[in-house]
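Structural description and commentary
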Amino acid sequence: MDSEKNVAAAATAIIGQKVLPGMDREFQSWQEDLNAAAAYYPGFLGAEISAPTRLQPDWVVVYRFDSVAHLQAWINSGTRQTYLDAGAKYFDGPATQQVVSSGSQSLDPLVTVVVTHRVPPNQIDSFLDWQRRMVEEESRFDGFRGTELFRPIEGLQEEWTTLYRYDNAEHLDAWLTSPQRQRILAEGEKFSDYKLHTIDNSFGSWFAFEGNGKEAPPPPSETKTSLAVWVGLYPTVVLLSLALSPAHLPLWINLLIGNLLSSFIMSFLTMPHYVNPLLGRWLRPPPGEPRRRTNVRGLCTVAVVMAVWALVFYLITVRWWTLP
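Given the structure is predicted, the values throughout are model-derived calculations rather than measurements. (Residues numbered from 1 in each chain as written. Predicted model: local features only at pLDDT ≥ 70, side-chain atom pairs only at ≥ 80, totals over all residues. Heavy atoms only, no water.)

The subject of this paragraph is the overall build of the protein. A tally of helices and strands in the protein yields 10 helices and 8 strands. Counting over 324 residues, the protein shows a buried share of 44%. A separation of at least 24 residues holds for 74% of the contacts in the protein among residues at least 6 apart in sequence. Of the roughly 17,200 Å² of accessible surface on the protein, 58% is carried by carbon and sulfur atoms. (Helix = DSSP H or I, 4+ residues; strand = E, 2+ residues; numbered from the N terminus. Buried < 20%, exposed > 50% of the residue type's maximum accessible area, 1.4 Å probe, protein only. Contact = heavy atoms within 4.5 Å. Areas by Shrake-Rupley, 256 points an atom, 1.4 Å probe, with all protein chains shown as cover.)

Right, let's talk about the pattern of salt bridges for a bit. According to the stated counting rule, one finds 8 salt bridges in the structure shown. Of the charged contacts, one joins Glu48 and Arg64 as a salt bridge, the two residues approaching to 2.9 Å between their closest N and O atoms. One end of the pair, Glu48, is in strand S2 (residues 44-50); the other, Arg64, is in strand S3 (residues 59-65), with 16 residues separating them in the sequence. One salt-bridge network, in which partners are shared between bridges, spans Arg133, Glu136, Glu137, Arg140, Arg183 and Glu187. (Salt bridge = Lys/Arg side-chain N within 4 Å of Asp/Glu carboxyl O.)

Looking now at a nonpolar patch on the surface. Taken together, the side chains of Leu249, Trp252, Leu256, Ile257 and Leu261 define a hydrophobic patch exposed on the protein surface, amounting to about 480 Å² of accessible area. Relative to the helices and strands, Leu249 resides in the loop between helix H8 (222-244) and helix H9 (251-283). Residue class for Leu249 comes out partly exposed when judged on its relative accessible area of 31%. (Patch = residues over 30% accessible without salt bridge, like charges linked within 9 Å, V, L, I, M, F, W, Y side chains within 5 Å.)

Turning next to the nonpolar core. For soluble globular proteins, the rule of thumb is that nonpolar side chains tend to be buried together. Of all hydrophobic cores here, the largest spans 22 residues; its most connected members are Phe27, Tyr63, Leu71 and Trp74. At the level of secondary structure, the elements contributing two or more residues to this core comprise strand S1 (10-17), helix H2 (24-38), S3 and helix H3 (68-75). Counting residues per element, this core draws most heavily on H2, which supplies 5 residues. (Core = buried A, V, L, I, M, F, W, Y, C linked by side-chain atoms within 4.5 Å.)

Throughout the structure, instances matching the rule amount to 15 aromatic pairs. Relative to Phe313, the ring of Tyr234 has its centre 5.5 Å away and its plane inclined at 80°; by these criteria the two rings are edge-to-face. You can see Tyr234 sitting in helix H8 and its partner Phe313 sitting in helix H10 (residues 291-320), a full 79 residues away along the chain. Through a chain of ring-to-ring contacts, three or more aromatic side chains come together here, namely Phe27, Trp30, Trp59 and Phe91. (Phe/Tyr/Trp six-rings, centres within 6.5 Å; stacked < 30°, edge-to-face > 60°.)

So, about the side chain of Asn254. Along the chain, Asn254 turns up in helix H9. Residue classification places Asn254 among the buried positions, given a relative accessible area of 17%. Excluding its chain neighbours within four sequence positions, the residues that come into contact with Asn254 are Leu244 and Leu249.

Turning our attention to the confidence of the model for the protein. Interpretation of the predicted coordinates at a detailed level should be avoided for regions scoring low in pLDDT. For the protein, per-residue confidence averages 79 on the pLDDT scale, and residues scoring 70 or more make up 81% of the total. Confidence drops under pLDDT 50 across residues 1-8; counting only partners more than four residues distant or on other chains, this segment forms 6 contacts. Below pLDDT 50 for its whole length, residues 103-109 participates in 20 contacts with residues either more than four positions away or in separate chains. (pLDDT = per-residue confidence, 0-100.)

Further remarks concern the packing of H9 against H10. In the contact formed by H9 and H10, the axes pass within 8 Å of each other and the chain directions differ by 150°. By the angle between their axes, H9 is roughly antiparallel relative to H10. Within the contact between the two elements, H9 uses Tyr274, Leu278, Leu279, Arg281 and Trp282 and H10 uses Thr294, Asn295, Gly298, Leu299, Thr301, Val302, Val305 and Trp309. Tallied by class, residues from the contact of H9 with H10 come to 8 nonpolar, 4 polar and 1 charged. (Axes fitted to C-alpha atoms, helices over the stretch in contact; angles between N-to-C directions. Parallel < 35°, antiparallel > 145°, perpendicular 65-115°, else oblique. Nonpolar A, V, L, I, M, F, W, Y, C, P; charged D, E, K, R; others polar.)

Structurally, Pro57 is set in the loop between S2 and S3. Classification of Pro57 as partly exposed rests on a relative accessible area of 45%. For the pair Pro57 and Val19, spaced 38 residues apart in sequence, the C-alpha to C-alpha distance is 9.6 Å.

With that settled, the discussion passes to the packing of helix H5 (residues 124-138) against helix H7 (residues 179-187). Interaxial distance between H5 and H7 falls to 10 Å at its minimum, and their mutual angle equals 175°. The pairing of H5 with H7 is recorded here as roughly antiparallel in orientation. Facing H5, whose interface residues are Trp130, Arg133, Met134 and Glu137, H7 presents Gln180, Arg183, Ile184, Leu185 and Glu187. Taken together, the residues that form the contact of H5 with H7 break down as 4 nonpolar, 1 polar and 4 charged.

Moving on, we come to the side chain of Glu138. Checked against the element boundaries, Glu138 lands in helix H5. Comment: no salt bridge for buried Glu138; closest opposite-charge side chain is Arg181, at 6.6 Å. When neighbours within four sequence positions are excluded, Glu138 is seen to be in contact with Phe144, Thr147, Tyr164, Tyr166 and Trp175. (Lys, Arg positive; Asp, Glu negative; His and termini not counted.)

Shown next as structure tokens:
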């Protein structure tokens, strides 16, 4: 019965990969090509890439499919194996993989921690009791947003997988480094062989910056990411509207096409090649840089850039060219 339920449920794979020093750009380009190949497989819902952060030393790739069967077909496909063979020159050791399956088709990636354990059948009851104590303790920390426990999936995922979420990286870090967590870990010493990954960005790979291990800056706040998206979205939407206006499309078709194109442009052009280079130092300031000065510079940059865009589009649409 459980097996039938898993087949009908959405499935997510979280893959962690250490990358050789100096190979980050090559790896990211290769991984984007691999994700594009995954999109052709049945049941594909999406894929995201997250660069290493202060909390997560590996590159993390998240695949979402509409069922375990479709995810398994992609994971075991000859296409993926061919790409893995070609990309092996970028890897610093083997990858880790966790799979979760639930009725939800999305994994909230704001600050999601994925922890996996191999549990012998005769220790499952002890493991569940230990997990309950862990959840009870972590729920007392600021920013805790809930937890989920997933049983192994036959033929695809042998480990037990726990997801727990916090509202930001600072609150998560407080829990991960807390003496309370260390005490609970010590109590479950026989379950101490575990793997942990974090997925720390609600905008997927839109804000993927270079960095390695503990030296990487924390992810940007929701306020910063919202302003950064605004900086990229405004010129993207206006330019698309200008480009589509000669077609005189009905409003509902215009928005349908415009939203689709803007999603691709934001993901592949606007964010990686315009917003992140422009605001990267503000979104993820280097360690030790004064926060107040960084924020003032970042907000001033946002204000100036948006004022320039507003002036340009005013001149184009009002002075030089009146839209029909």
